[in-house]
Amino acid sequence: MSATPLGLPVDQTSHARLAADGLTLARLDPADGAAYEAWIRAENRGFLQPDPTPEVIEHRRGYLGDDRIMGVWDSSLPHPQVPVATTISWIADLTLPGGGAAPTWAISGVTVAPTHRRRGIARALLEAELRTAVELGLPLAMLTVSESTIYGRFGFSPSVLARNLSIDRRRAHWTGPVAPGRVHLVSAEQLRSDGHPIVERVRAATPGQVHYAATSILWDRQLGLPVGDDNAKNLRFARYDDADGTPAGFAIYRFVEDPADFTQHELRLQTLVAATPDAYAGLWRFLLEMDLVATITADLRPVDEPLRWMIADFRAVRSSETDHLWTRILDVKASLEARTYAAPGRIVLRVEDPLDFAAGTWALEVDDAGSATVTATADTPDVDLTVNALSSLHVGGVSARVLEAAGALTGDVARLDAMFRSPVAPYTSIWF
Ligand SMILES: CC(C)(COP(=O)(O)OP(=O)(O)OC[C@H]1O[C@@H](n2cnc3c(N)ncnc32)[C@H](O)[C@@H]1OP(=O)(O)O)[C@@H](O)C(=O)NCCC(=O)NCCS
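Residues numbered from 1 in each chain as written. Predicted model: local features only at pLDDT ≥ 70, side-chain atom pairs only at ≥ 80, totals over all residues. Heavy atoms only, no water.

(A) Spotlight on the layout of surface pockets. Of the volumes computed, that of the second largest pocket is approximately 560 Å³. Forming the boundary of the second largest pocket are 28 residues, of which Val-202, Thr-206, Ala-274, Tyr-280 and Tyr-427 lie nearest the centre. Breaking the lining of the second largest pocket down by element, the ones donating at least two residues are helix 5 (188-205), strand 10 (265-274) and helix 7 (277-288). Among the elements that line the lining of the second largest pocket, the one with the most residues is helix 5, at 5 residues. Here the residues of the lining of the second largest pocket are counted per class, giving 17 nonpolar, 6 polar and 5 charged. (1 Å grid on protein atoms, 1.4 Å probe; cavity = no way out; pocket = protein on both sides within 12 Å on 5 of 7 lines; lining within 4 Å. Points joined across faces, edges and corners; volume = space filled by probe spheres on them. Helix = DSSP H or I, 4+ residues; strand = E, 2+ residues; numbered from the N terminus. Nonpolar A, V, L, I, M, F, W, Y, C, P; charged D, E, K, R; others polar.)

(B) Just the sheet that holds strand 12 (residues 317-329), in detail. Reading across from one edge, 1-2-3-4-5-12-6-11-10-9-8-7 is the order of the 12 strands in this open sheet, with mixed pairing throughout. Since the sheet does not close on itself, it has two edges, and those belong to strand 1 (23-27) and strand 7 (182-186), each with one partner. Shown here is a sheet whose adjacent strand axes are inclined to one another by a mean of 25°, direction ignored. Across the sheet, helix 1 (residues 12-19) is in contact with strand 1 and strand 2 (68-74); its angle to strand 1 comes to roughly 150°. Packing of helix 5 onto the sheet brings it into contact with strand 3 (85-95), strand 7, strand 8 (236-241), strand 9 (247-256) and strand 10, and relative to strand 9 it is tilted by some 120°. (Pairing = 2+ DSSP bridges. Axes fitted to C-alpha atoms, helices over the stretch in contact; angles between N-to-C directions. Contact = heavy atoms within 4.5 Å.)

(C) A look at the domain arrangement of the protein. Domain annotation for the protein reports domain 1 (12-155), domain 2 (163-324) and domain 3 (331-420). Once you take the C-alpha centre of each, domain 2 and domain 3 turn out to be 35 Å apart. (Domains from an automatic or database assignment.)

(D) Structural view of the site of the ligand. For the ligand, the set of nearby residues contains 19 residues, the closest of which are Val-110, Arg-118, Arg-123, Ser-146 and Glu-147. Measuring from an oxygen atom of the ligand, one finds a backbone N or O atom of Ile-121 at 3.4 Å. A distance of 3.0 Å separates a nitrogen atom of the ligand from a polar side-chain atom of Thr-149. Alone, the ligand offers 890 Å² of accessible surface; in the complex the protein occludes 77% of this. Taken together, the residues of the shell around the ligand sort by class into 8 nonpolar, 5 polar and 6 charged. (Near = heavy atom within 4 Å. Polar contact = N/O pair within 3.5 Å; in protein donor to acceptor, adjacent residues only side chain to side chain. Areas by Shrake-Rupley, 256 points an atom, 1.4 Å probe, with all protein chains shown as cover.)

(E) Summary view of the sheet that holds strand 15 (residues 372-376). On the basis of which strands lie adjacent, the open sheet formed by 5 strands has the order 15-14-13-16-17 and mixed pairing. Each edge of the open sheet carries a strand with a single partner, namely strand 15 and strand 17 (409-411). Taken over all neighbouring pairs, the strand axes of this sheet differ in orientation by 25° on average, direction set aside. Packed on one face of the sheet, helix 11 (residues 413-420) meets strand 13 (345-352), strand 14 (360-366), strand 16 (383-386) and strand 17 and runs near 105° to strand 13.

(F) Here's a closer look at a positive patch on the surface. A grouping of Arg-45, Arg-117, Arg-118 and Arg-153 is seen on the molecular surface, where their side chains present a positively charged patch. If you trace the backbone, Arg-153 turns up in the loop between strand 5 (140-144) and strand 6 (157-168). (Patch = residues over 30% accessible without salt bridge, like charges linked within 9 Å, V, L, I, M, F, W, Y side chains within 5 Å. Salt bridge = Lys/Arg side-chain N within 4 Å of Asp/Glu carboxyl O. Lys, Arg positive; Asp, Glu negative; His and termini not counted. Charge placed at Lys NZ, Arg CZ, Asp CG, Glu CD.)

(G) Quick look at the pattern of salt bridges. Scanning the entire structure with this criterion turns up 24 salt bridges. Between Glu-127 and Arg-17 there is a salt bridge, with its nearest N and O atoms 3.1 Å apart. One end of the pair, Glu-127, is in helix 4 (residues 121-135); the other, Arg-17, is in helix 1, with 110 residues separating them in the sequence. On the accessibility criterion, Glu-127 (8% relative accessible area) is buried. Measuring nitrogen to oxygen at the nearest pair gives 3.0 Å for the salt bridge that ties Glu-58 to Arg-61. Within this pair, Glu-58 and its partner Arg-61 are both found in helix 3 (residues 54-61), separated by 3 residues, close to a single helical turn. Exposure remark for Glu-58: the relative accessible area of 43% places this residue in the partly exposed category. Through salt bridges with shared partners, a single ionic network connects Arg-17, Arg-123 and Glu-127. (Buried < 20%, exposed > 50% of the residue type's maximum accessible area, 1.4 Å probe, protein only.)

(H) Representation of the packing of aromatic side chains within the structure. Enumeration over the complete set of coordinates arrives at 10 aromatic pairs. On the basis of an interplanar angle of 80° and a centroid distance of 5.7 Å, the ring pair of Tyr-253 and Phe-255 is categorised as edge-to-face. Residue classification places Tyr-253 among the buried residues on the basis of a relative accessible area of 3%. Measuring from ring centre to ring centre gives 5.1 Å for Trp-309 and Phe-314, while their planes differ by 85°; the resulting arrangement is edge-to-face. According to the relative accessible area criterion, Trp-309 is exposed, its value standing at 70%. Lying over the aromatic face of Tyr-341, Arg-339 brings its terminal NZ or CZ to 4.3 Å of the ring centre. (Phe/Tyr/Trp six-rings, centres within 6.5 Å; stacked < 30°, edge-to-face > 60°. Lys NZ or Arg CZ within 6 Å of the ring centre and 35° of its normal.)

Here's what the structure looks like:
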């Protein structure tokens, strides 16, 4: 990788396309405080968030690393310094089946001002982001999305699903293993240092997890630490320590009161991270035995949550499934070689990609150890699929049989499933 996110020039194709419409695509230098403030205000406006205070903006600026902040400006406006469109992107490792990680272009903060929508600005920005990722030598791009209708057209596809849970606590009597360690109530500051190594242990073992540093806003947000977080004072933190005192898991949650009945609180579980089965059991039991709570709700839980098998009443847990992490393969060889496979063999994939990054016919050969070699080939394909379908299969949690039934691919589905399915269900535990 020769170029760096901050060293790379602005994508000229999208620059020219937007210039033809009287708009300027440029990279923002966050050292320019006034320009950064205008950019943050525009981003918040796009997501219907309240206007942030100068303190909040300054604090957030302190988190920036090699993030590439892009904007589109319209010089004909009364306030031309406020961008009419925003994106912010950075390189983050995405864990893949087998425990390897691929450096991935994480795209966030995609907004277009309501006055400038549906005239192709987001398309110009997104295509620029994908070309930028290619220039950086990154094999794939990823995002978590506000609406699931936007990104398929750019080759992204849901790769990691998530479950939202609602638990009738009084029916969910604990029948699971008794964890030998202890649960402690801790402060946000304490968890800030103790919790991140646990996050890292889980990340290494779980496909779909996205790396964030211990100093990043993605970690501090979970803890309610960034300035101006209105939710912070309501957050509670519990840490599970193994019998030998080593922290192995934590939960972050808050209570919502039912004003009509003090015994009917809702416990909203924001995060539960467990590096061991004991930590998982210890933390869930702790939450399920919370007095004055009628319901536990939890969003963004893994699809293979074992909880139901650890309580007296399977039906105490209701769940709904949703898409969460969307990925987009840009470099087929590098993406497919970055993971391991569940079965050896050879399969030839013909990939269709309207944006051309991944298009071609590729032979994937997997050895007995599960390692892959990918080469361009003129052989007859065993499977025909879109880059969207390949991106979903790649992270290991989406079934080829389901995609075939949905009309997203044709060919040797049994072999695809045998090779691509991950024994550990992919899970992405954050929004970004
Ligand atoms: C989503 C958003 C960025 C789109 O910006 P935009 O400049 O209007 O989009 P474009 O004009 O470039 O549209 C590109 C394509 O996406 C489609 N599209 C745009 N917004 C869409 C939406 N919300 N739902 C479905 N399709 C959408 C357009 O129809 C167009 O399709 P086509 O090129 O296949 O004809 C903008 O509506 C926005 O800021 N929304 C609020 C913030 C948000 O949700 N951002 C996404 C964060 S993940």
